[in-house]
Amino acid sequence: MMLHLDLRCRVGGFELAVRELVETGGCTGIFGRSGSGKTTLLRAVAGFQAADGSIRLGEELWLDSIKGVNWPPHRRRAGYVFQRGALFSHLDVRGNLDYPVRRLKSRHNSSEDWPGRPGFDRVVEALDLGSLLHRHVNGLSGGETQRVALGRALLSDPALMLLDEPLSALDLGRKVDILPFLARIKSEFRVPMLYVSHSVDELVRVADHLLVLADGEVLAHGETGAVLERLDVQSVTGRFEGGSVVTAQVERHDPTRFLTLMGFAGTRISMPMLDRLEPGTAVRLRIRSRDVAIATEQPRGISIRNVVPAEVLEVDLEAGSPYAEVLLNAGNQHLRARITRDAVADLQLVPGGEVFALIKSVTFDHRAL
Amino acid sequence: MLTELPPDLLVELGPTLWLTVQLAAATTLVLFLIGTPFAWWLANTRNVAKPLIEAVTALPLVLPPTVLGFYLLMLMSPDSPVGALWVNVTGQTLVFSFEGLLIASVIYSLPFMVQPLQTAFETIDRQPLEAAASLGASPLDVFVSIACPLAMRGFVSAGILSFAHTIGEFGVVLMVGGSIPGETRVVSIALYEYVETLRFDLAHTLALILVAFALVVLTCVYVFNRRAAVRVG
């Protein structure tokens, strides 16, 4: 199924114009700086924000301003999850979860389940909500609130889930707690998602596709790894967060040193152990540009363990900045390094040069490929 | 002073008190029915005429009750189209009747119902309302199942204020209702008449009842508000 978007909306002086075909097979991340129109886009899809143009999900035409079609939010079946949950404070957790279920039942004129509906017990189990059912929503922690909000949206049997920075109100630890639940919703309930975030690390973990917005326009759209590799995205993510996504093969775990060893670009790299991963699985790693240094000779006497031979493809000097961005080819995968212009001159880095990439830190993308 | 009271105190004051409570209750009920949708509309509309409509709603707050009463008297008199229509339909005049008094009270107490409700509706967070819509609730459903419960404090305040304010009205009742015992003679009018006729014993009793009533009501409002605030915070 595809989501056809051809939208224009105006909020104050800001204008959003999006014309894209969005794959709804998994999770599409909507990424951009604040003010780029991410939330406006999500709200227009939900029907909260007036828009011109058309929205079509599969065969359902939600909006067509020429034909005069404009489905109200409650008909669109787009489960919206807000930053801070937006739970109903006059109901307890069970009341919140029952809310969409009752409406579904009255719409289907039956008290029985029908095939395909995410069952109450299954949702409660998947999001670990059993112990919260009788709690008052005001007493929940941030992470619990978001789990209830996710469960509630899921129970409305949504055609599409719209997540508006669902983790941004949580601290880092809670974020990491929620991410596996999101992965579970994706794999178990197979509900397509649009996921708005300004955090690359979050999106690398959950999004299969990435739609990058800047000033109300689509800057890039495609498979997550491919989009993150493209240079122009870096101006959106900010140089500091820029990086690359590579694939590596899990070789074995070394419990004595707490390391997982992986094959990458004809050599071996290691990272803190994650023994859930079976040897042989391919994993995605995200490596930030600022965590990659460059040496022209095999370095010795250095604390960095991951040293990968590579070839310089491009050197991009940042205008008005002491930094340069170097694109490297390591085993036919792209790496980016952010180093100083001084270093570029000193090491005489030019396209075609053989170097060693020194990788200081690596984050996992939790999806196995 | 209490010992000087006539033994048939209840007979003397009973019908007046009962009528007053009936009028206040009926007024509050009617105001809930028309004030709730009206306040919801005011809280959500982007109509350019909204300030004017709000001003008209607030008029009873600032107009001398006698001015309001005068216009209502004109409107309800059998000579006016409205008054004549009422006579045609019911066979009775609207002025100096309980029904006329009810209509006057509803208009007089309208701001005490609409303003707390409008404020309550306006201060509801929009996100739960949008969340409910995205979960499949129609606009009416959202209003009944989310907006009204979240505005419960506003409903309680509005109900209490409308009821109490109707009990305290004087000028409008005097103009529109007169003082027919058991039909339009409410406590504030009765009190005035007791003073006029130098029956201070009855005036004292009635005044004391009203003061006690007002104190109890206001204490209830403050207790409720504090509890709600603690629960919400």
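Look above for the structure.
Throughout what follows, the structure given in this document is the object of discussion. (Residues numbered from 1 in each chain as written. Chains lettered and ligands numbered in written order. Predicted model: local features only at pLDDT ≥ 70, side-chain atom pairs only at ≥ 80, totals over all residues. Heavy atoms only, no water.)

### Topic: the overall build of chain B
Then step 1. From N to C terminus, chain B includes eleven helices and zero strands.
Then step 2. Helices and strands in chain B line up, N terminus first, as α-α-α-α-α-α-α-α-α-α-α.
Then step 3. In terms of overall dimensions, chain B has C-alpha extents of about 65 × 45 × 30 Å along its principal axes.
Then step 4. Evaluated residue by residue, chain B yields a buried proportion of 42% over its 233 residues.
Then step 5. For chain B, the share of sequence-separated contacts (at least 6 apart) that also reach a separation of at least 24 residues comes to 73%.
Then step 6. Treating the 9 positive side-chain charges of chain B as one cloud and the 15 negative ones as another, the clouds have centres 16 Å apart. (Helix = DSSP H or I, 4+ residues; strand = E, 2+ residues; numbered from the N terminus. Buried < 20%, exposed > 50% of the residue type's maximum accessible area, 1.4 Å probe, protein only. Contact = heavy atoms within 4.5 Å. Lys, Arg positive; Asp, Glu negative; His and termini not counted. Charge placed at Lys NZ, Arg CZ, Asp CG, Glu CD.)

### Here we look at the packing of helix α2 (residues 50-62) of chain B against helix α5 (residues 98-123) of chain B
Residues and elements named next belong to chain B.
Then step 1. One can describe the packing of α2 onto α5 by two numbers: an axis separation of 6 Å at closest approach and a directional angle of 130 degrees. Here α5 runs oblique to α2, going by the angle between their axes. The hand of the α2/α5 crossing is left-handed. Across from Lys50, Glu54, Thr57, Ala58, Pro60 and Leu61 in α2, the residues of α5 making contact are Ile107, Tyr108, Leu110, Pro111, Phe112, Val114, Gln115, Gln118 and Glu122.
Then step 2. When the residues that make up the contact of α2 with α5 are grouped by side-chain class, the tally is nine nonpolar, three polar and three charged. (Axes fitted to C-alpha atoms, helices over the stretch in contact; angles between N-to-C directions. Parallel < 35°, antiparallel > 145°, perpendicular 65-115°, else oblique. Left-handed = near helix turned anticlockwise from the far one by under 90°. Nonpolar A, V, L, I, M, F, W, Y, C, P; charged D, E, K, R; others polar.)

### Some thoughts on the packing of α5 of chain B against helix α8 (residues 152-168) of chain B
All names here are of chain B.
Then step 1. Two numbers describe how α5 lies on α8: the axes approach to 8 Å, and their chain directions differ by 160 degrees. Judged by the angle between their axes, α5 and α8 are roughly antiparallel. Crossing handedness for the pair α5 and α8: right-handed. Contact residues: α5 offers Ser105, Tyr108, Ser109, Phe112, Met113, Pro116, Leu117, Ala120 and Phe121, while α8 offers Gly154, Phe155, Ser157, Ala158, Gly159, Leu161, Ser162, His165 and Thr166.
Then step 2. A breakdown of the residues in the contact of α5 with α8 according to their chemical character gives ten nonpolar, eight polar and no charged.

### A short note on the pattern of salt bridges
Residues and elements named next belong to chain A.
Then step 1. By the definition in use, this model includes 17 salt bridges over all chains.
Then step 2. A salt bridge links glutamate 125 to arginine 184; the nearest nitrogen and oxygen atoms lie 3.2 Å apart. Highlighted residues: glutamate 125 in helix α4 (residues 120-126) and arginine 184 in helix α6 (residues 172-189), separated in sequence by 59 residues.
Then step 3. Taking the relative accessible area as the measure of exposure, glutamate 125 reaches 48% and is therefore partly exposed.
Then step 4. Relative accessible area serves as the criterion here: at 30%, arginine 184 is assigned to the partly exposed category.
Then step 5. Through salt bridges with shared partners, a single ionic network connects Arg122, Glu125, Arg184 and Glu188. (Salt bridge = Lys/Arg side-chain N within 4 Å of Asp/Glu carboxyl O.)

### Considering the pairing of strand β11 (residues 217-223) of chain A
All names here are of chain A.
Then step 1. Looking at chain direction, strand β10 (residues 209-214) and β11 are connected through six bridges and run antiparallel. Pairing of leucine 210 across the sheet is with glycine 222, part of β11.
Then step 2. A loop of two residues connects β10 with β11, the two strands running antiparallel in sequence, and aspartate 215 in this loop sits at a positive phi of about 50 degrees. (Pairing = 2+ DSSP bridges.)

### Section: the packing of aromatic side chains
Then step 1. Here the structure, examined in full by the defined rule, presents 13 aromatic pairs over all chains.
Then step 2. Geometrically, the ring pair formed by phenylalanine 32 of chain B and phenylalanine 155 of chain B is stacked, given 6.1 Å between the ring centres and 25 degrees between the ring planes. In this pair, phenylalanine 32 of chain B sits in helix α1 (residues 9-44) while phenylalanine 155 of chain B sits in helix α8, placing the two residues 123 residues apart along the sequence.
Then step 3. Aromatic side chains phenylalanine 170 of chain B and tyrosine 192 of chain B sit 5.4 Å apart centroid to centroid with 65 degrees between the ring planes, which places their arrangement in the edge-to-face category. Of the two residues, phenylalanine 170 of chain B sits in the loop between α8 and α9 (171-176) while tyrosine 192 of chain B sits in helix α10 (residues 187-196), which places them 22 residues apart along the sequence.
Then step 4. Grouped by ring-pair contacts, the aromatic residues Phe32, Trp40, Phe121, Phe143 and Phe155 of chain B constitute a single cluster.
Then step 5. Above the plane of the ring of tyrosine 323 of chain A lies arginine 338 of chain A, whose end atom (NZ or CZ) is 4.0 Å from the centre. (Phe/Tyr/Trp six-rings, centres within 6.5 Å; stacked < 30°, edge-to-face > 60°. Lys NZ or Arg CZ within 6 Å of the ring centre and 35° of its normal.)

### Side note on the interface of chain B and chain A
Then step 1. Taken together, the contacts link 20 residues of chain B with 21 residues of chain A.
Then step 2. Between chain B and chain A, roughly 1,700 Å² of surface is buried when both sides are summed, and carbon and sulfur atoms account for 61% of that area.
Then step 3. Between the two partners, chain B and chain A, sit two salt bridges.
Then step 4. Here arginine 103 of chain A makes a salt bridge to aspartate 141 of chain B, at a shortest N to O gap of 2.6 Å.
Then step 5. Listed by contribution, the elements that provide at least two residues to the side of chain B that touches chain A are α6 (126-134), α7 (139-150) and α11 (200-232) of chain B. (Buried area = accessible area lost by both parts, 1.4 Å probe.)

### Here's the deal with the pairing of strand β7 (residues 78-81) of chain A
All names here are of chain A.
Then step 1. In β7, alternate side chains face the same way, and those of Ala78 and Tyr80 on one face and Gly79 and Val81 on the other are all buried.
Then step 2. When β7 meets strand β8 (residues 160-164), the two strands line up parallel, connected through four bridges. Looking at β8, one finds that glycine 79 is bridged to methionine 161.

### Concerning the sheet that holds strand β17 (residues 306-317) of chain A
Residue and element names in this part refer to chain A.
Then step 1. Taken in spatial order, the five strands make up an open sheet running β16-β20-β17-β18-β19, and their pairing is antiparallel. Only two strands of the sheet have a single partner each, and these edge strands are β16 (292-295) and β19 (333-340). Sheet twist, expressed as the average angle between the axes of neighbouring strands with direction ignored, equals 45 degrees.
Then step 2. Sheet topology places strand β18 (residues 323-330) next to β19; eight bridges connect them, and they run antiparallel. Bridged to tyrosine 323 within β19 is threonine 340.

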